[in-house]
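Chain and residue survey
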Amino acid sequence: MNAPDERPWRQYICLACGLIYDEEQGDPDGGLPPGTRFEDIPDDWECPLCGVGKGDFELYDPPAAPPAPAAPTVAPSRDSIVVVGAGLAGWSLVEALRALDQEVPITLVTACQGDVYHKPELSVALSRGLRAPALARESGREAAQRLGVTLLAETFAVGISPALRQLRTTRGTLIYRALVLAHGARPALPPALPEQLCWRINHLHGWAGLQTALDGAPRRVAVVGAGMIGCELAEDLAHAGHAVTLIDQQTGPLAGLLPAPAVERLARHLQSLGVTFLGTTRVAAITATAPGRAVHLEDGHALAVDQVVAATGLITESRLARQAGLAFDRGIAVSADTLATSVPGIHALGDCISIDGAPCRFIEPIPRQAEAIAHHLLDRPHPGYRHQAPVVRLKTRHLPIVLRGAPDPALDWEVEHENDDYLALRQCRDGETTASLTVGRPSRRDAA
């Protein structure tokens, strides 16, 4: 007879929607009777609220009290501006607000600690031997104290009541004058990539976990997805001494974005670093093995690796927005000039938004978005946000790639300059350059 399990009951929180699974209560509607331990939940169980898998839950310890600076359970007045998300977008907005007004009450709600770091550095930090503390420029607590912000760390937003101007969180209900959603986007994992077997480098916590798993010796790493993040990580991992296999359904790395001559140069560059590229193929499944992982391809082949990194794009979690009645189109739909949502009193910026049906998931526009929202919320004159195609800079340090403008698939690319080390292309319409692309570094003679 097994001895009774005398461990205290634990709670686990869904990182996507904030639902809390309580072992004592179980999930009877999902087939889990009260008293079901988290480790005993079947792998195919899904969050009853948003449908993500077991791998998107983590242990939740309800904090005894809010972190400094102290804050009541309910915001002190309807004059508060509440920001959800403490990534680059959230902190950029707080900085923009404080540049205009030192007194307006601001509450920042975040599921993490709220530490301030520059997310693009995650793509180049492994080869530099950096660790998470070195990447954090300022702790969330320090930033909150410097800016006079009430920081509710390790707090999940679980619902919005627009008519009452209320945000429900795992710490209680906040009343807001204005609400700004800056909660970003989460990795989009196809069914073949189980959450528990793949690293997702979308925030500092995930990056730190991968670094820990790679410590000690060169590893075999499969990177699934050869878009911008996949290519950047492949180069960084290779420079850090790991054996990298880059897998994509396209014919070449970044083939969905770049013209063929640029794709060929990028492919040769990655190959020169020891990266193996497997194109026109899909991952059928990933399974755990004794030493690591087995990546099963649709063509029947399998790769033995130590770690798998998923770089298969991002998706905006829609539950919070749809529950509040916000228009949603591949992201929270916002006005192109004010970044206001379809519901009065609520704005959004960063990775979680879409403008005219197109997601806006680049770093470069975020400060301009934050400035426009800050002026709008504080009734200060401002010309408004002007949306334009951002400059795309691929952080492959030894083969820099810069794309400016919005490429048109219907237009041909013209070669402006080409040699072994440098390629410059452009697209033109009616004699005007509409997009330009450079691959590599020009010599002084090229630049002249």
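Please refer to the structure placed before this passage.
The structure contained in this document is the topic of the report that follows. (Residues numbered from 1 in each chain as written. Predicted model: local features only at pLDDT ≥ 70, side-chain atom pairs only at ≥ 80, totals over all residues. Heavy atoms only, no water.)

1. Concerning the overall build of the chain
Regarding its fold elements, the chain presents nine helices and 30 strands. Over its C-alpha atoms the chain spans a radius of gyration of 23 Å, differing by no more than 12% from the 22 Å that the globule rule assigns to 448 residues. Counting across all 448 residues of the chain, residues that qualify as buried make up 48%. Looking at the chain alone, contacts between residues at least 24 apart form 60% of all its contacts between residues at least 6 apart. Per element, the accessible surface of the chain, about 21200 Å² overall, is 51% carbon and sulfur. Separation between the mean location of the 40 positive side-chain charges and that of the 52 negative ones in the chain comes to 4 Å. (Helix = DSSP H or I, 4+ residues; strand = E, 2+ residues; numbered from the N terminus. Rg over C-alpha atoms; globule rule 2.2 N^0.38 Å. Buried < 20%, exposed > 50% of the residue type's maximum accessible area, 1.4 Å probe, protein only. Contact = heavy atoms within 4.5 Å. Areas by Shrake-Rupley, 256 points an atom, 1.4 Å probe, with all protein chains shown as cover. Lys, Arg positive; Asp, Glu negative; His and termini not counted. Charge placed at Lys NZ, Arg CZ, Asp CG, Glu CD.)

2. Let's talk about empty space enclosed by the protein
Applying the stated rule across the entire model yields one cavity of 30 Å³ or more. In this structure, the largest cavity spans a volume of roughly 40 Å³. For the largest cavity, the full set of lining residues is Met228, Leu254, Leu257, Leu258, Val392, Arg393, Leu394, Ile401 and Leu403. The element that contributes the greatest number of residues to the lining of the largest cavity is strand 26 (residues 392–394), accounting for three residues. The residue inventory of the lining of the largest cavity, partitioned by class, reads eight nonpolar, no polar and one charged. (1 Å grid on protein atoms, 1.4 Å probe; cavity = no way out; pocket = protein on both sides within 12 Å on 5 of 7 lines; lining within 4 Å. Points joined across faces, edges and corners; volume = space filled by probe spheres on them. Nonpolar A, V, L, I, M, F, W, Y, C, P; charged D, E, K, R; others polar.)

3. Focus: the state of the cysteines
Throughout the structure, instances matching the rule amount to zero disulfides. Residue Cys112 stays outside any disulfide, its sulfur separated by 15 Å from that of Cys352, the closest cysteine. The class of Cys112 is partly exposed, set by a relative accessible area of 41%. (Disulfide = S-S within 2.5 Å.)

4. What about the nonpolar core?
Among the nonpolar cores identified, the biggest contains 57 residues, and Trp91, Ile160, Leu167, Leu179, Leu181 and Ile332 are the most heavily contacted of them. Contact partners of Leu167, with chain neighbours within four places excluded, come to Val82, Val84, Val109, Ala157, Gly159, Ile160, Gly172, Thr173, Leu174, Tyr176 and Leu179. Counting 39 residues, the second largest nonpolar core, distinct from the first, contains Val221, Leu233, Leu237 and Ala262. (Core = buried A, V, L, I, M, F, W, Y, C linked by side-chain atoms within 4.5 Å.)

That is the geometry; function is a separate question.
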